[in-house]
Amino acid sequence: MLSQPDIAALLITLKLAATTTLILLLLGTPLAWWLATTRSKARSAIEAVIALPLVLPPTVLGFYLLLAFSPDGPIGATTAALGLPSMAFSFWGLVLGSAIYSLPFVVQPLQNSFAGLGRMPLEIAATLGAGPIDRFISVVLPLSKMGYLTAAVLGFAHTLGEFGVVLMIGGNIPGETQVLSIAIYDHVEALEYSQAHWLAAGLLLCSFLVLLIIYSANRRFHLMKTT
Amino acid sequence: MIKAALQLRKSDFKLEASFSVPGRGVTAVFGPSGCGKTTLLRAIAGLEPDTTGSLSVNAEQWLGVDGSRAVEQRRVAVVFQNPSLFPHLTVQENLLYGRKRLSKVTKPIETKELIASLEIEELLLRYPEGLSGGEKQRVALGRALLAEPKLLLMDEPLSALDQGSREKLMSLLERFLQEIDIPVFYVTHSSEEVARLADNLVLLANGAVSDHGAIEDVLGAVDGELSRSDAAFSVIEGQIATTQLPGLISVDCGQGIVLQLPDSTSVSGNRYQPGNAVRLRIRARDVSLCLEAPQRSSILNILPAVIAELAAKPHNGSRIVKLDIAGKQLLSKISEYSVQQLELRAGQPVFAQIKSAALI
């Protein structure tokens with residue numbers, strides 16, 4: 001069964017994934033909205049930057065973050081100047097790393113969802129007297145429910161499975177920065193296969209369940225639309 | 001008054017529209033496909049942010065030196081070609097979307113009455129998904145009216161509908177647009193819709209206004225853009241006569257003019273009860289001229305007339321002739337050859353043969 005450090009790793013993982021997802025939904029909304037509606041030439045460049053974590057080895061991202069967190073790096077220097085503890089090997093360092101790493105998984109579904117709305121519903125809302133924020137709340141949000149569900153689930157699930165970035169910037173401090181994927185790695189290293197199984201199978205099942213939720217919600221949504 | 005001088009450049013299209021029309025009644029924006037009607041409507045609504053120039057609607061400046069008033073501040077409701085109800089809201093929530101956002105309800109449009117006359121009471125709790133095209137468009141019209149707009153814009157609201165729903169909505173519009181005290185801009189390429197609904201006309205061609213004014217002035221301008229086109233037509237008002245000939249509908253246009261039309265209307269119903277006011281649309285190309293009264297003709301309507309005016313010059317081999325029939329004006333499009341052969345000139349008495357007229 002699960003040992004004390006394993007349970008701690010599970011809780012940290014869940015907390016990390018939930019925090020990261022929440023932050024990404026908040027920051028991803030204006031970013032995705034801008035990408036879906038802008039006519040700016042900078043759009044392609046920004047889209048490419050956001051998509052980088054999809055192709056980049058996580059260790060590359062982790063390496064540069066680690067450099068940035070060091071006392072001479074831009075983030076490390078800033079936190080030091082503000083009298084805050086270093087981000088390296090801390091939970092909030094992990095949140096930052098995960099947020100960058102999972103960014104495309106949240107931004108892209110939102111962007112697709114916003115772009116799919118078309119301009120018509122918003123224009124009509126405007127002619128009926130709704131201002132920009134009113135339009136977003138009364139028209140965009142309810143019509144983008146599926147996009148938000150997909151973004152949240154993908155962001156959450158992707159953060160659950162993170163390994164390379166965490167290893168580079170979080171280290172492996174049990175009860176603090178040790179997440180599930182690293183705990184599994186440790187068990188395998190120590191030849192504790194049965195404990196590795198518990199965690200690995202749990203993660204597998206969990207990932208399957210969240211994906212099942214999206215796809216069945218998606219199906220229900222489509223069925224609802226066509227009836 | 002509604003005064004506009006609008007410029008807008010889109011990749012391969014330029015809109016330059018200047019006109020002024022009365023601040024009440026229905027103004028039809030008429031022209032062939034691709035002439036910029038929809039773009040003009042969007043510019044008036046404020047949905048084209050690159051529009052420059054000036055626009056004032058009944059003394060309110062919507063666009064001018066002080067900048068552009070935001071769409072949501074203009075109180076301009078739009079009914080688009082494709083009824084775009086909010087899919088996540090019920091019919092009732094759709095209807096009230098604009099009204100809820102009014103700072104105060106100024107005109108006493110009775111929600112209940114409006115819903116009843118649009119015949120959508122049964123639909124209130126349903127979602128737009130399952131509604132027919134005609135039902136959706138009626139809800140969209142109700143939603144626009146309940147927002148108490150200062151200007152109502154309609155972009156070919158009938159063109160996406162089937163014949164039956166179109167006729168039904170048309171009759172509703174005829175009644176509504178005259179009753180409401182809101183100026184309406186109505187974009188269409190159908191001369192029938194113009195003839196039935198419009199008080200004023202703005203003619204568009206290639207992004208520019210070629211003529212504008214009261215409908216009878218624009219339609220009656222023999223040298224105007226519309227008269228030169230194939231679509232030239234006249235509108236004569238009358239009422240269904242009390243005595244009818246078998247198989248015919250008689251329309252009394254006053255001054256002793258009675259026009260006969262074949263009773264082929266499957267849609268007749270209550271509209272064609274004796275005494276009902278109707279409008280007739282008569283295409284200029286369906287009116288020919290004779291110097292003497294023809295005998296034993298198959299043409300039902302032959303009326304004595306006086307030539308009021310001839311177009312200054314022929315266009316594509318034809319000439320537009322404006323006739324005066326007991327004070328009513330009627331356009332006739334005949335070949336330039338006939339004009340020369342018959343030596344037609346202003347002031348000359350002739351007989352107008354009306355080959356067909358549409359009861360609209």
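Conventions adopted
Residues numbered from 1 in each chain as written. Chains lettered and ligands numbered in written order. Predicted model: local features only at pLDDT ≥ 70, side-chain atom pairs only at ≥ 80, totals over all residues. Helix = DSSP H or I, 4+ residues; strand = E, 2+ residues; numbered from the N terminus. Rg over C-alpha atoms; globule rule 2.2 N^0.38 Å. Contact = placed C-beta atoms within 7 Å. Buried ≥ 20, exposed ≤ 12 C-beta atoms within 10 Å, placed from the backbone. Pairing = 2+ DSSP bridges. Axes fitted to C-alpha atoms, helices over the stretch in contact; angles between N-to-C directions. Nonpolar A, V, L, I, M, F, W, Y, C, P; charged D, E, K, R; others polar. Expected span 1.5 Å × (residues − 1). Bend = angle between axes of the 7 residues up to and from the residue. Core = buried A, V, L, I, M, F, W, Y, C linked by C-beta atoms within 7 Å. Arc of directions from axis to C-beta. pLDDT = per-residue confidence, 0-100. Parallel < 35°, antiparallel > 145°, perpendicular 65-115°, else oblique. Left-handed = near helix turned anticlockwise from the far one by under 90°.

### Quick look at the overall build of chain B
Helix and strand content of chain B: ten helices and 21 strands. In terms of overall dimensions, chain B is globule-like: its C-alpha atoms have a radius of gyration of 22 Å, near the 21 Å expected for 360 residues. A principal-axis box enclosing the C-alpha atoms of chain B has dimensions of 65 × 50 × 30 Å. For chain B, the share of sequence-separated contacts (at least 6 apart) that also reach a separation of at least 24 residues comes to 67%.

### Remarks on the overall build of chain A
Counting its regular elements, chain A contains eleven helices and zero strands. The order of helices and strands in chain A, counted from the N terminus, is α-α-α-α-α-α-α-α-α-α-α. Overall, the C-alpha framework of chain A stretches about 65 × 45 × 30 Å when taken along its three principal axes. Considering chain A as a whole, with its 227 residues, one finds that 36% of them fall into the buried category.

### Structural notes on the sheet that holds strand E21 (residues 358-359) of chain B
For sheets, the rule is that strands pair by backbone hydrogen bonds, running either parallel or antiparallel. All names here are of chain B. With antiparallel pairing, the five strands of this open sheet are ordered in space as E14-E13-E12-E15-E21. Edge positions in the sheet fall to strand E14 (258-262) and E21, since each of these pairs with one other strand and no more. Where strand E12 (residues 233-240) lies against strand E13 (residues 248-252), two bridges are found, and the strand directions are antiparallel. Across the sheet, residue Gln239 finds its bridge partner in E13, namely Asp252.

### Notes on the sheet that holds strand E17 (residues 301-310) of chain B
Residues and elements named next belong to chain B. In spatial order, the strands read E16-E20-E17-E18-E19; together these five strands make up an open sheet with antiparallel pairing. Strands at the two margins of the open sheet, each flanked by one partner only, are strand E16 (287-290) and strand E19 (328-335). Across the sheet, the axes of successive neighbouring strands diverge by a mean angle of 45°, strand direction being ignored.

### Description of the interface of chain B and chain A
Each side of the interface is counted separately: chain B has 17 residues, and chain A has 14 residues. Where the side of chain B that touches chain A is concerned, the elements lending two or more residues are helix H2 (71-74), strand E7 (76-79) and helix H3 (91-100) of chain B. Looking at the side of chain B that touches chain A element by element, the count peaks at three residues for E7(B). Of the residues that constitute the side of chain B that touches chain A, the class distribution is ten nonpolar, three polar and four charged.

### Observations concerning helix H2 (residues 43-55) of chain A
With 13 residues, H2(A) should reach 18 Å at 1.5 Å per residue; the first-to-last C-alpha distance of 19 Å fits that figure. Of all the bends in H2(A), the largest measures some 30° and sits at Val49(A), one to four residues before the proline Pro53(A).

### Re the nonpolar core
Residues Val29(B), Leu153(B) and Tyr186(B) are the most contacted members of the largest nonpolar core, which totals 149 residues. Per-element accounting of this core gives the leading share, eleven residues, to helix H5 (residues 91-117) of chain A. Those residues in contact with Tyr186(B) that lie beyond four places of it in its chain are Val26(B), Thr27(B), Ala28(B), Val29(B), Met154(B), Leu197(B) and Ala198(B).

### Remarks on the environment of Phe30(B)
All names here are of chain B. Along the chain, the position of Phe30 falls in strand E3 (residues 26-30). We classify Phe30 as buried; it has 26 C-beta atoms within 10 Å. Along the primary structure Phe30 and His189 are separated by 159 residues, whereas in three dimensions their C-alpha atoms are 5.5 Å apart. Those residues in contact with Phe30 that lie beyond four places of it in its chain are Thr188, His189, Val194, Leu201 and Leu203.

### What to know about unusual backbone geometry
Positive phi, normally seen in glycine, also occurs at Leu191(A), with a value near 60°. Relative to the assigned elements, Leu191(A) resides in the loop between helix H10 (180-189) and helix H11 (193-226). Look at Leu191(A) and you get exposed, because 7 C-beta atoms sit within 10 Å. We note that Glu119(B) has phi near 55°; this positive angle belongs to a residue other than glycine.

### Considerations on the pairing of strand E18 (residues 318-325) of chain B
Residue and element names in this part refer to chain B. Of all the eight residues making up E18, six are buried; the element is thus mostly covered by neighbouring parts of the structure. In this structure, E17 lies alongside E18, joined through four bridges in antiparallel fashion. Within the sheet, the bridge partner assigned to Val306 lies in E18 and is Asp324. The antiparallel pairing of E18 with E19 creates a hairpin that spans two residues between the two strands, and Ala326 there sits at a positive phi of about 45°.

### Remarks on H3(B)
All names here are of chain B. Taken together, the buried positions of H3 are occupied by Val91, Asn94, Leu95, Tyr97 and Gly98. Projected down its long axis, H3 shows its buried positions confined to an angular sector of 140°, all on one face. Along its buried surface, H3 packs onto E7 and helix H5 (133-146).

### Details of the confidence of the model for chain A
Model confidence for chain A is summarised by a mean pLDDT of 88, while 96% of its residues fall at 70 or above. Within chain A, H11(A) has the poorest average pLDDT of any element, 79, and helix H7 (residues 132-143) of chain A the best, 93.

### What to know about the packing of helix H1 (residues 4-37) of chain A against H5(A)
Residues and elements named next belong to chain A. Between H1 and H5, whose axes approach to 7 Å, the crossing angle comes to 45°. In terms of their interaxial angle, H1 and H5 are classed as oblique. For the pair H1 and H5, the crossing hand works out as right-handed. By residue class, the composition of the contact of H1 with H5 is 18 nonpolar, seven polar and no charged.

### Side note on the environment of Asn112(A)
All names here are of chain A. On the secondary structure map, Asn112 appears in helix H5. Overall, Asn112 belongs to the partly exposed group, with 17 C-beta atoms counted inside 10 Å. For the pair Asn112 and Ala36, spaced 76 residues apart in sequence, the C-alpha to C-alpha distance is 7.3 Å.

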